[in-house]
Amino acid sequence: MELEAARRAVLAAVRGTCAADLPRLLHWMRNTRKKLSLLMSWLDAVYLFSEKRSCTLGICIFGISSQFLIVFSQVLMQYKAIDDFDELVVSNNDVVLKNIAEDLRNRLPIEAMFNSEHQAIQKIHQHPLPMIHVDAFLYDDDFVDSLCEEGKMSRSYCTECGSYKTASLEFISHSFSLMELKFLYQHVLPDLTGKVVVDVGSRLGAVLFAGYLYSSASQLYGVEMNADFCQLQEMMITKYQFIDRIKVINADICTQASLLQKADVVVMNNVFEYFLDRQEQARAWEFIACNVRKRGSLLVTVPSLKESLSKLQTDIQLSQWVEEMELNYDVYMEKDVDREALEQIHLYKIL
Ligand SMILES: C[S@@+](CC[C@H](N)C(=O)[O-])C[C@H]1O[C@@H](n2cnc3c(N)ncnc32)[C@H](O)[C@@H]1O
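Rules of the game
Residues numbered from 1 in each chain as written. Predicted model: local features only at pLDDT ≥ 70, side-chain atom pairs only at ≥ 80, totals over all residues. Helix = DSSP H or I, 4+ residues; strand = E, 2+ residues; numbered from the N terminus. Buried ≥ 20, exposed ≤ 12 C-beta atoms within 10 Å, placed from the backbone. Contact = placed C-beta atoms within 7 Å. Near = placed C-beta within 6 Å. Nonpolar A, V, L, I, M, F, W, Y, C, P; charged D, E, K, R; others polar. Pairing = 2+ DSSP bridges. Right-handed = clockwise from strand over helix to strand, strands pointing away. Axes fitted to C-alpha atoms, helices over the stretch in contact; angles between N-to-C directions. Expected span 1.5 Å × (residues − 1). Core = buried A, V, L, I, M, F, W, Y, C linked by C-beta atoms within 7 Å. Domains from an automatic or database assignment. Parallel < 35°, antiparallel > 145°, perpendicular 65-115°, else oblique. Left-handed = near helix turned anticlockwise from the far one by under 90°.

Novice: Run through the overall build of the protein chain, naming residues and quoting values.
Specialist: A count of helical and extended segments in the protein chain gives 15 helices and eleven strands. Buried positions account for 28% of the 351 residues belonging to the protein chain. For the protein chain, contacts bridging at least 24 residues in sequence account for 71% of all contacts bridging at least 6.

Listed below in structure tokens is the structure:
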């Protein structure tokens, strides 16, 4: 088979693989590619060197013919052209995440909350102004627009029944959106090869699934106190075969000291505010500050630690615990990027 035909066949095979099997196929291809590309760079260097020396070095040391090296180098050039493979992997990962979101949408009511979340539901109802929960992982802006057009959702509410006076509804999301997840793994966090990530309050599992697809973290742990959401995450882990690197623990984070102590990255997206009362929030934060102590490890929070702790009574001394790292929120050039949402993401290094 000609190389170009082979290349097309590989890309077609990837595109034709069912969504549930894609993550493992791509992981295997990516890892194989890393090793192969190392070997090729090395052979490339040998070739360039040996070409200058009439191929004698390559022939003497490696016992391979100059003709072989020339052909191999041509293959290498073609192979280098397969940078579209990386692009393909990334866009396929987006497709896998969108597939997971679709699976989850089909298993959840539109507000993506379970009746078992008594405290969270109560808190939403106690909010001074009308507020609706729209999960950003499940519903992007275009999706919300189409639901509004179908009359299944509204962006505004009537302030005086029967009148045309309306006000914008406050939207809250209990998950990161796809854009925020990509920002997190591609621009906020460093290379996670061999690292342990803990998502405190993993809910739908969005942070875990994205971590599986967009990073090389060795283990991704989700700790979630709601059993219904744990069951949902387990279903996705099994269906998409994430079991080798993702583990979900159904527990209160305040029982997981040793896990927090070994974590290299801890993610906390709006974990406590809508789910615990003030006293419980303060206790949970004290526990986090006591146990996320590994020097040099990273803590990602939404909103900032300062904002989360400002409404609570705690003894946490931020300046002795963490150092905030500067983030570049301008990495995305597209017009429809929700910069405000990205700016809520904060990164800290543990001192
Ligand atoms: C806003 S969601 C975060 C979702 C997810 N991490 C993400 O970013 O997409 C917060 C989750 O934390 C969970 N949670 C709140 N307090 C917790 C605690 N003390 N221990 C474990 N989970 C908790 C809630 O049940 C909720 O599902």
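Novice: Tell me about the site of the ligand, and name the residues and values.
Specialist: Around the ligand, the surrounding shell holds 25 residues, and the nearest of these are Ser175, Gly201, Arg203, Met225 and Asn269. Residue assignment for the shell around the ligand shows that the elements contributing at least two residues are helix H9 (206-214) and strand S6 (219-224). A per-class count over the shell around the ligand returns 14 nonpolar, seven polar and four charged.

Novice: Lay out the pairing of strand S5 (residues 196-200) in plain terms, naming residues and giving numbers.
Specialist: The element S5 is largely enclosed, with a buried count of four among its five residues. As judged from the five bridges shared by S5 and S6, these two strands associate in the parallel manner. Among the inter-strand pairings, Val196 is bridged to a residue of S6, identified as Gln219. Handedness of the crossover is the feature at issue here: the chain leaves S5, passes through H9, returns alongside S6, and the resulting connection is right-handed. Two strands pair when backbone bridges link them, and S5 and strand S8 (residues 265-269) are joined in this way by three bridges, in the parallel orientation. When the sheet's bridge partners are listed, Val197 is paired in S8 with Val265.

Novice: Which residues make up the pairing of S6, and what are the values?
Specialist: Of all six residues that make up S6, five are buried, and the element is covered over most of its length. Chirality of the crossover, the property in question, places the unit of S6, helix H10 (residues 227-239) and strand S7 (residues 246-250) among those that are right-handed.

Novice: I'd like a description of unusual backbone geometry, backed by residues and values.
Specialist: Note the cis peptide between Val302 and Pro303, where omega equals -10°. Positive phi, normally seen in glycine, also occurs at Gln241, with a value near 55°. Position of Gln241 among the secondary structure elements: in the loop between H10 and S7. At Asn270, a residue that is not glycine, the phi angle is positive and equals roughly 45°. Tracing the backbone through its elements, the reader meets Asn270 in the loop between S8 and helix H12 (278-291). When the 18 C-beta atoms within 10 Å are taken as the criterion, Asn270 is described as partly exposed.

Novice: Which residues make up the sheet that holds strand S11 (residues 346-350), and what are the values?
Specialist: What holds strands together in a sheet is hydrogen bonding between their backbones, with the strands either parallel or antiparallel. The seven strands lie next to each other as S7-S6-S5-S8-S9-S11-S10, forming an open sheet whose pairing is mixed. Since the sheet does not close on itself, it has two edges, and those belong to S7 and strand S10 (322-325), each with one partner. Going from strand to strand, the sheet's axes swing by 20° on average, the running direction of each strand aside. Bridging between S10 and S11 involves four bridges; their strand directions are antiparallel. By the bridge assignment, Met325 is partnered in S11 with Leu347. Packing of H9 onto the sheet brings it into contact with S5, S6, S7 and S8, and relative to S6 it is tilted by some 175°. Its contacts with the sheet place H10 against S6 and S7, and it is angled at close to 165° to S7.

Novice: Report on helix H1 (residues 3-16), specifying residues and quantitative values.
Specialist: Helix length check: H1 (14 residues) gives 20 Å between terminal C-alpha atoms against 20 Å at 1.5 Å per residue, within 8%. Within H1, only zero of the 14 residues are buried, which leaves it mostly out in the open.

Novice: Go over the environment of His174, please, and point to the residues and values.
Specialist: Take His174: it is sitting in the loop between strand S4 (170-172) and helix H8 (178-188). C-beta crowding within 10 Å serves as the criterion here: with 25 such atoms nearby, His174 is assigned to the buried category. Leaving out residues up to four positions away in the same chain, His174 has contacts with His133, Asp135 and Arg203.

Novice: So what about the nonpolar core? Which residues, and what values?
Specialist: Membership of the largest hydrophobic core comes to 66 residues, with the highest contact counts inside it found for Leu184, Phe209, Ala210, Val266 and Val300. Element by element, the count of residues in this core is highest for H9, at eight residues. Viewed by domain, this core spans two of them, domain 2 (109-172) and domain 3 (178-350), each represented by three or more residues. Those residues in contact with Val266 that sit more than four places away from it in its chain are Val198, Val200, Leu260, Val292 and Leu299.

Novice: Which residues make up the packing of H8 against H9, and what values go with them?
Specialist: For any two helices packed against each other, the geometry comes down to the angle between their axes and how far apart the axes lie. For the pair H8 and H9, the least separation of the axes is 10 Å and the interaxial angle reads 45°. Judged by the inter-axis angle, H8 sits oblique to H9. For H8 against H9, the interelement crossing comes out right-handed. In this structure, H8 contributes Leu181, Lys182, Tyr185 and Gln186 to the contact, and H9 contributes Ala206, Val207, Ala210, Gly211 and Tyr214. Of the residues assigned to the contact of H8 with H9, the class counts are six nonpolar, two polar and one charged.

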